[in-house]
Every structure is written in structure tokens, then in C-alpha cells.
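# A structural walkthrough
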Amino acid sequence: MALTRINIGPVHPSTHGVARLVVDLDGDTIVKVEPHVGYLHRGVEKLVETRMYMQNPPYMEKIDYVAPMSVDELYVATVEKAMGIEVSEKAAYARMILLELQRIASHLFWIGSVTNDLGQSFTGFMWGFRDRDVILRLLEEATGQRMFYVNMRLGGVTREFPEDFESNVLNAMKYMEKRIKSYENFIEKNPIFIQRMKGVGVLRIEDAINLGVTGHVLRASGVKYDVRKNNPYYQYETLNFHTKILSYGDNLSRYRVRIMEIEESIRIIRDSFFKLQSAQGSMVGMPVKLISPKPINKISIVNRELPRGEGLMYMVAEDQKPYRLSMRAPTFINLSALNHIARGHRLSDLFAIFATLDLVMADVDR
Amino acid sequence: MNIKRELLLGTVKKMHEEGYDYLVKITAVDYVKTLEVVYILRNLNLNKDELLEVTITPEDAWINSIIEIYKAAEWYERELQEMFGIKIKDKKLKKLLLEKWDGKGYPLRKNFLWNKPYEKV
Amino acid sequence: MSIDSILKYFYSGLNSPDLLTNILFIIVYTIIISLLVSVFAYLFGWVERKLIAKSQYRHGPTYVGKYGIFQNLADLIKLITKQKVVPENADVLLLNIAPILLVGITILVILLIPFSSYLQATNFGLGLLTVFVLLGFTPLLLFVAGYASGGKFAQIGAQRSVLMLVSYEIPMIFVIATVGFAAGSYSLSGIVNMQSNLFYAFLMPLGLVIFFIAMLAELERSPFDLREADSELIAGWLTDISAPYYALALMLDYMRMFMGSLLIVILFFGGWSGPILPGIVWLILKAVIVSLFIILIRVSLVRMRIDKILKVGWMYLLPLALINLLITFIIVIR
């Protein structure tokens, strides 16, 4: 039978930006998916070579517009490593709290987009966004901005937390726990949802490792790898949390892993606030100065658990400017696995798989 | 670990057998006189990262593909090919990763100036 | 002169032996019903938007008119004044005629439905069968529309509509047969009159569930909205339909929902029967409640996959429909 080739995107309701997929179909079965990327390529890696160190965080935030602070922190941490700047204990806890808040916000965004891609006429989408807004309000309280924070400074964050920040966050976490229960009732217990997700888009563990997928995709396939645990940074090793894994590797596992990650993040935030009280040092980092200290490490490699997976920056430092900065974008490598996962599935499943990989095209293209 | 270009495939194969089964990243750095291709491999069981550096010259920029060993390498290598003009010796990798571009030069090389209007081929 | 006597006069006109009078009355009746359907479709479009917005913690339309009641009108006007784009490799005639025919069929079906014991165009013995023969044309016309537009997304949507037809039509026919059997006639008003003691919803709850699910599929409402699956096929068979025809297709959605809920009410909830209020009010009230239920389902469920729908149709609905037939048979015979 002749193959039908259909072109999905770059403008399509469920491509999350500007992904273009060229899909070869045999009837309703996918023979091959070829993602075409580059519609959002800004050349960030080249751009940062022309800017001074602390001019770059705003660019970094736009790499992943769903979780800007994580990428910002990754970059700043890379610069800190190159210059040998230590982060005080208090600043570390502050950063952890902000990063985990960002992670929850990003995951909620994702829950919304998954239900939307499965065809739920925007209900899950709106619910996810509403709860994400609770987090964004907290982040605004702490940083002064709602989406693009530029909050990381060398050695700390921009400012101290406001006075009632702790109680607000803890209240919000209580609310979030309640909401997660209601997501469970509303989405996860729905038989049609399970039918669409269970056993669909299975990625076996050996393939997952070989394809280099990362983040929740890797953990849903049964690989226990979380940078926060395996290569701990800041004060993550002092906290009590778990790396949640499932071994089925299908869409539902990816969904569940994410929900469990939100729960773990809530625990981390609570613990961090508790530890923050007795932490030493100053939360506020160095003020932004264009002239930065001289780098002491020529090559610095930093990896972080971004909401979407493991992010890694490889920086060759030069006086005042990065000589070369290369970022491992988690969604880039997850998207490259799409063809392998989606082959042999139905066209409808392609969108479910695409949604559960959690792609941000700006992050893929950089 | 700095290795010779010719030894890359063998080394990577050996490391893969030793348990470095996860490819984290392939990237390159242009040091003007030389190009350095960096492979970051990870042993998930031992939780250990290993850096492989291959130094090549811009005039003779090619490198062997490691797709056969790590499927994850495909997009990274396509990116290198496009951004650095490093030819990847593999038949499958003829395609560009990004869309077609009619400019001259390779964007992430140092001789590609970001603030100048680009020359058409 | 009371409303009842007007309706009686109307009824006698509709069924008069004089051909000319008959045709005249049928034309008047058609106009009235079309107006009713349009008003319902319009208002229901607004209600749906508001209700969905409420369940999603939004406001819905607020700007045009009080509570945004004219928002849909504004949208319709916008769509009508827009440029009509016809794809290059489309079959223009079929593409244009299909939505119009779809609306025609929908109104024809509603014309056959009795609104009260006197407000009905005709009362012939095979009303129910005629209705479902006409309904059988809709997937065909959707297929024609999708195929004629020449786009691949529209074609996939069209193929899905035919596949779905195979899965839900047969259980639905079985339920209809059961209803006809229990009522002893295929006349719609006969079925309503037979329910004066006991609604068929209570006689055959299983039948109601099957019919409701099949009707959701027929109306392409969620979770069976595969033909126009917005996150997959952009808009399915509607992808290449533009401007006035798109407005028509949007109205069509609500018209068909009205039709579907009317049928459910007639077959299972005793049609216009009810105390105090006049019959037509009861009928429309019940239809609205059924439609609201359809909307709530739309808000909360994700879309099913086409092969799963086939499975549901053949593995669950069909045997259940047969069981329903059997149970009803035993109850009625006894």
C-alpha cells in the first residue's frame, strides 16, 4: 500500500510552538516520523559569545520559556564554577526553593498541555494554568517578575525573600497537594485517559539509554537517574527525597512520574524552608557588574536537573566573555527519540506521545 | 581524555562495553587553529562521566560517526555538521538538522561574524 | 382563542386532504421550526460557551451584549464577511453543497419529530425509521465534504467518520428496534403516547445508555469528536471549509445537538408529557437538560482513539444492545 505523507506543523494546534513533523502513514499506522526543527533557532550559543558574563541571563531564560529560572540558574552556576565563586548555604536553599517552585509550575503547564492534546477541550489546560498561576504569583513575590525573572546573581539571588513568603509558599503547597488529588480524580482515574495513555509509546530501558533520553522520559523507562540525587548540587544531599521511577516506559508512566515529581518537589520546598532558618550566610549575591572576576577554570561543565530533564552546560571561559558555551537541551534529545517511540503507533497516538515528551521548541532549537 | 581521531571509534566502542552506555552530549569548540570535538559519556551504574576530546584541524574537518554505538549521537552529529562544518563520515547523515540556509560559513566557527550581513553562497 | 385551539387548527391544516392547504401549512411549519432550531442553536452556543468557561474557571464571552450573549452573533457576522478560500485541488461543488445538505437533513429530521401532540408536521407509521435513514446520510455527507476539500487532514477526518459509522450505527439500530418493539409502532408520537405510564428510560436503562453513547458518536461530540479532532487533525473535515460555510458548520453543530437531544427525549423520556406546563415547553426543557449533560461530558473527557471506538461499538455496545432487546422482550411479553 502506498504511504501517505502528511505534514504536521509548523503551525498546528498541538505542536507546542513550531515543531514540524513529516509523518509517513500506512493507513493509520505511523511508518516514520521526521521532526524538522529550526523554526525557532536564535543562535543563542553564538550570541552569548558576544556578550559579557552577566549580560547573558536574560537570553538564557528565553531558551526554555516555560521554566526560565532553571536555565538561568544553570548558566549562572556554570559561570560561578568557572570563576570559583561559592554559593552560601542560605543562598543555596533559597535557590532550591525557587527552582522547585519553578519545577512545579512547569509540570503543571505540562499536565495542561497533555490533556489538551488528548482532546479534552481545554479543561485540564485551564486547570493546570490556574494552579501554575498560584506558583507564578509566589515567584513574582520573591523576584519581582512573573515569568522572566533574571533572579540569579553570582553567589546568590537578587534579593531576600519577603517576610510573609514562607507562610505563603507553605499555604500554596497545601493547596497544591489538594489539587494534585483532584487531578488524580479528574484525569488519572478516567478510563478513556488510561486507555489513551497506557501501553502507548513504550520506550524500553535499553532503548531509552541508547537514545539518550532524559528527565521524566528516562525515569519512566526505569532508569534511576536524577541529577539532584546522583550528582547532588547545592544542599540537595542534605534533604530527604526520592527519585521516583516507573518501569513501563509508556505515556502513563511518564505522566505518573511527573505527578510524583511534583509531590517530591513539595517535600523539598518544605524541608528547605525548615533548613533555611538555621542556614548561614547571605542570600543576596554579587550585584550585577559588567566587569566580572577573572575565571579560574578554563573549562567548566555543570549539569542540573531542569524540569524537562538533565541540562548540561559546557563552557570554555575567557576573560569577561564566554569563549564558547554549549548547552545540552533536554528536549532536543527527547525529540530526537520521537521517531523511535512513535513508529508503529496510530496517528492519534503520535500527539499523545509528542505531548508526554514535553517539548519546548525554543529549547530544542536554541 | 584526549584521543586521536583515528582511535575515536575504537575507544568509544571499548568504553561502551565498559559500561559507559549513555551519551550525554557531543559538542565542539573552535580554537581557531584547531577544532576540538568533545564527547561526554556517562556510566549510569557507576554514576561517572568521562570526557573524550578529539582535536582536528579546520582544514581537514571530519570525524567518524558513533551512531552505530549510540543512537543519541545522530542529532548532535547533524548539529556539528551544520554549525561547525565538521563532516561526519556516515552515509545517513547527509541531511541538515535545521532548515536550509543559503549563507556562507558555519555559524559557530569563530570566523563567522555575527554582526555582519552574511554572504550568499 | 387559546394556544391549544391554534395548534389544533394548525394540525388539521397540516393533515388536511387538500393538497394546496397542506403544502402551505407545511411551508409555514417548516419556517417556524427552522426559526426555533436557529434560536435554539444560537442560544445553546452561548450557553455552551458560558458553561464550559465556568467549569474551567474562566469567564467566557462577556464583552458583546449583556453576559456576552451577542458574542456568537458577532462571530457569525465576522465569519460571513470573511473571504472565502477554496483549496486548489478541491471539488468546489461538493465542498459547497455538503454543509448545506447537512443542515437540510438536520432540519428535515427535526421536522419529522413531533413537538407536541398537535405540533407535528406528519404522523406516519414509519417516522422513527425515516429519521434514522436520514441520519445515516450525515456521515456520508461529512465524508463527501472532507474528501472534496482535497486536504489530507480533511480526508483523514472523512475516513474516520465512515469508520465510526460502522461502529455505532448497528447498536443504535438495535436499540431503535427495541423501542419500536416495546411501543408496538415506529411512529414517533405513538412511542411518546406509549410512555405515558412508564418512561422507556426506566424500562430499558441499558438501552438509554447505549443510545446515548451512539448519539454522542453520531453528533461527533466529545469523546467521539474524532472527525474534527482539533489537536490532531486541526479541524478534520472542517479544515478547508471557510467563511460562511464555516459559520454554517458551527451552527450545524448545535442544530445537530438539538436534534440528538430531541430524539433521546422522544424515545426515552416521554417526549412532551409532563404536568402543568404545555407539552412543547416540557419537550424543550428535557432536551436542554440532555444537551447540558452532553456538554458536561465534553468538558471532562479526553478523546477516544478510532480503533478503540470500533472496539467499544462491536465488543460492548452491540452485545449489550442485544441483551437489552432480550430483556425488554421478556418484560413486554410477560
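Residues numbered from 1 in each chain as written. Chains lettered and ligands numbered in written order. Predicted model: local features only at pLDDT ≥ 70, side-chain atom pairs only at ≥ 80, totals over all residues. Heavy atoms only, no water.

### With respect to the overall build of chain A
Keep this limit in mind: Numbering of helices and strands starts at the N terminus; helices are DSSP runs of H or I of at least 4 residues and strands are runs of E of at least 2. Atoms counted for the radius of gyration: C-alpha only. Globule rule: 2.2 Å times residue count to the power 0.38. Buried, partly exposed and exposed residues are distinguished by accessible area as a fraction of the type maximum, computed with a 1.4 Å probe on protein chains only: under 20%, between the cut-offs, and over 50%, respectively. What makes two residues a contact is simply this: any of their non-hydrogen atoms within 4.5 Å.
Within chain A, the secondary structure is distributed over 15 helices and 8 strands. Scaling as 2.2 N^0.38, a compact globule of 366 residues should have a C-alpha radius of gyration of about 21 Å, and chain A matches this with 20 Å. Each principal axis of the C-alpha atoms in chain A carries an extent, and together these give about 65 × 45 × 35 Å. Counting every position in chain A, which comprises 366 residues, the buried fraction comes to 66%. Expressed as a percentage of contacts within chain A between residues at least 6 apart in sequence, the contacts between residues at least 24 apart total 72%.

### Comments concerning the overall build of chain B
Scanning chain B for helices and strands turns up 2 helices and 6 strands. Listing the helices and strands of chain B from first to last along the sequence gives β-α-β-β-β-β-α-β. Here chain B has a C-alpha radius of gyration of 15 Å; the compact-globule value for 121 residues is 14 Å, and the two agree. By principal-axis analysis of the C-alpha atoms, chain B measures approximately 50 × 30 × 25 Å.

### Regarding the interface of chain B and chain A
Our working rule: Buried surface area refers to the total accessible area, computed with a probe of radius 1.4 Å, that the two partners give up upon joining, counted for both partners together. Whenever a carboxyl oxygen of Asp or Glu lies within 4 Å of a side-chain nitrogen of Lys or Arg, that contact is scored as a salt bridge. Nitrogen and oxygen atoms within 3.5 Å of one another constitute a polar contact, given that in protein one can donate a hydrogen and the other can accept it, and given that sequence-neighbouring residues count only through two side-chain atoms.
Across the contact, 39 residues belong to chain B and 44 residues belong to chain A. Taken over both partners, the interface formed by chain B and chain A buries close to 3500 Å², and the fraction arising from carbon and sulfur atoms is 57%. Taken together, chain B and chain A are joined by 2 salt bridges. Between Lys110(B) and Glu49(A) there is a salt bridge, with its nearest N and O atoms 3.0 Å apart. In this assembly, chain B and chain A are joined by 21 residue pairs in polar contact (both at pLDDT 80 or more). Elements with a minimum of two residues in the side of chain B that touches chain A: strand E2 (22-30), strand E3 (35-43), strand E4 (48-56) and helix H2 (73-83) of chain B. The element that contributes the greatest number of residues to the side of chain B that touches chain A is E2(B), accounting for 8 residues.

### What about the interface of chain C and chain A?
Taken residue by residue, the interface counts 26 residues in chain C and 35 residues in chain A. Across the interface of chain C and chain A, roughly 2600 Å² is buried in total on both sides, 58% from carbon and sulfur atoms. Scanning the region where chain C abuts chain A turns up 0 salt bridges. On inspection of chain C and its partner chain A, the count reaches 5 residue pairs in polar contact (both at pLDDT 80 or more).

### Considerations on the packing of helix H6 (residues 137-148) of chain C against helix H7 (residues 152-183) of chain C
All names here are of chain C. So the rule is basically this: Note on definitions: angles span 0 to 180 degrees between N-to-C directions of axes, and those axes are lines fitted to C-alpha atoms, for helices only across the stretch in contact. Put simply, angles under 35 degrees are roughly parallel, angles over 145 are roughly antiparallel, angles from 65 to 115 are roughly perpendicular, and the rest are oblique. In a left-handed crossing the near helix is turned counterclockwise from the far helix by less than a right angle, and in a right-handed crossing that turn is clockwise. In this classification, Asp, Glu, Lys and Arg are treated as charged, Ala, Val, Leu, Ile, Met, Phe, Trp, Tyr, Cys and Pro as nonpolar, and every other residue, Gly included, as polar.
Viewed as axis vectors pointing N to C, H6 and H7 meet at an angle of 165 degrees, and their least axial separation amounts to 7 Å. Relative to H7, the element H6 is oriented roughly antiparallel. Between H6 and H7 the crossing geometry is left-handed. Contacts from Pro-139, Leu-142, Phe-143, Gly-146 and Tyr-147 in H6 reach Ala-154, Gln-155, Ala-158, Gln-159, Ser-161, Val-162, Leu-165 and Tyr-168 in H7. Taken together, the residues of the contact of H6 with H7 sort by class into 9 nonpolar, 4 polar and no charged.

### Comments concerning the packing of aromatic side chains
What counts here: Pairing of aromatic side chains here covers Phe, Tyr and the six-membered ring of Trp, requires ring centres within 6.5 Å, and sorts the geometry by plane angle: under 30 degrees stacked, over 60 edge-to-face, intermediate tilted. The criterion is that NZ of a Lys, or CZ of an Arg, lies within 6 Å of the ring centre and within 35 degrees of the ring normal, and then a charge sits over that ring.
Throughout the structure, instances matching the rule amount to 23 aromatic pairs over all chains. An angle of 40 degrees between the planes, with centres 5.0 Å apart, marks the rings of Phe109(A) and Phe129(A) as tilted. You can see Phe109(A) sitting in helix H4 (residues 89-117) and its partner Phe129(A) sitting in helix H5 (residues 123-143), a full 20 residues away along the chain. Relative to Phe329(C), the ring of Phe181(C) lies with its centre 5.4 Å away and its plane at 25 degrees, an arrangement referred to as stacked. Residue Phe181(C) is located in helix H7, and its partner Phe329(C) is located in helix H14 (residues 306-333); the two are separated by 148 residues in the primary sequence. Among the aromatic side chains, those forming a connected cluster through ring pairs are Trp127(A), Tyr183(A), Phe186(A) and Tyr57(C). Stacked on the ring of Tyr234(A), the Lys or Arg Arg304(A) has its end atom at 4.9 Å from the ring centre.

### Some points on helix H14 (residues 347-356) of chain A
Since one α-helical turn is 3.6 residues long, residues separated by three or four positions face the same way. Residues and elements named next belong to chain A. For H14, the tally of buried residues reaches 10 of 10 residues, placing the bulk of the element in the interior. Here H14 has its buried residues at Leu-347, Ser-348, Asp-349, Leu-350, Phe-351, Ala-352, Ile-353, Phe-354, Ala-355 and Thr-356. Asp-358 lies just past H14 and shows a positive phi near 55 degrees.

### Examining the pattern of salt bridges
Residue and element names in this part refer to chain A. A complete count under the given rule lists 35 salt bridges over all chains for this structure. Notably, a salt bridge pairs Asp-24 with Arg-5, separated by 2.8 Å at the nearest N-O pair. Of this pair, Asp-24 sits in strand E2 (residues 20-26) while Arg-5 is found in strand E1 (residues 4-8), placing the two residues 19 residues apart along the sequence. For Asp-24, a relative accessible area of 9% gives the class buried. Arg-5 gets classed as partly exposed once you look at its relative accessible area, which sits at 48%. Glu-100 serves as the salt-bridge partner of Arg-228, at 3.2 Å between the closest nitrogen and oxygen. With Arg-228 in helix H10 (residues 227-230) and Glu-100 in helix H4, the pair connects residues that are 128 residues apart, well separated along the chain. Judged by relative accessible area, which is 0%, Glu-100 ranks as buried.

### Some thoughts on the pairing of strand E6 (residues 299-306) of chain A
All names here are of chain A. For clarity, the threshold we go by: We call two strands paired when DSSP finds no fewer than two bridges between them.
When you tally the buried positions in E6, you get 6 out of 8 residues, the bulk of the element. Bridging between E6 and strand E7 (residues 309-317) involves 8 bridges; their strand directions are antiparallel. Bridging across to E7, Asn-303 finds its partner in Leu-312.

### Considering the nonpolar core
Stated formally: Residue types Ala, Val, Leu, Ile, Met, Phe, Trp, Tyr and Cys, when buried and joined through side-chain atoms within 4.5 Å, form a set referred to as a nonpolar core.
Ranked by size, the top nonpolar core spans 258 residues in total, and within it Leu101(A), Phe161(A), Leu338(A), Leu350(A), Val37(B), Phe211(C) and Phe268(C) carry the most contacts. Element by element, the count of residues in this core is highest for helix H12 (residues 243-268) of chain C, at 17 residues. When neighbours within four sequence positions are excluded, Phe161(A) is seen to be in contact with Ala94(A), Ile97(A), Leu98(A), Ala142(A), Phe273(A), Leu276(A) and Met283(A).

### Things to note about the sheet that holds E4(B)
All names here are of chain B. Judged by pairing direction, the sheet is mixed, and its 4 strands sit side by side in the order E1-E4-E3-E2 without closing on themselves. The open sheet has two edge strands with one neighbour each: strand E1 (2-3) and E2. Where E2 meets E3, 8 bridges bridge the pair, whose relative direction is antiparallel. Residue pairing for E3: Leu-23 is matched across the bridge by Leu-41. Contacts from helix H1 (residues 8-18) reach E1, E3 and E4, with the element oriented near 175 degrees to E4. Where H2 meets the sheet, its contacts fall on E2 and E3, and the angle it forms with E2 comes to roughly 5 degrees.

### Describing the confidence of the model for chain B
Put simply, the rule is: pLDDT is defined as a per-residue confidence score from the predictor, taking values between 0 and 100.
Put simply, chain B has an average pLDDT of 81, and 93% of its residues get 70 or more. For this predicted complex, the interface score ipTM comes out at 0.85, alongside a pTM of 0.85.

### A look at the arrangement of the chains
The pair of protein chains exhibiting the most contacts, out of 2 pairs of chains in contact, is chains A and B. With no contact between them, chain B and chain C keep their nearest C-alpha atoms 23 Å apart.

### Digging into the side chain of Arg228(A)
Residue and element names in this part refer to chain A. Taking the relative accessible area as the measure of exposure, Arg-228 reaches 2% and is therefore buried. One polar contact links Arg-228 to Glu-100, side chain to side chain, over a distance of 3.2 Å. Look past the residues within four positions of Arg-228 in its chain and what remains in contact with it is Glu-100, Arg-103, Tyr-233, Tyr-236, Phe-241, Ser-265, Ile-268 and Glu-305.

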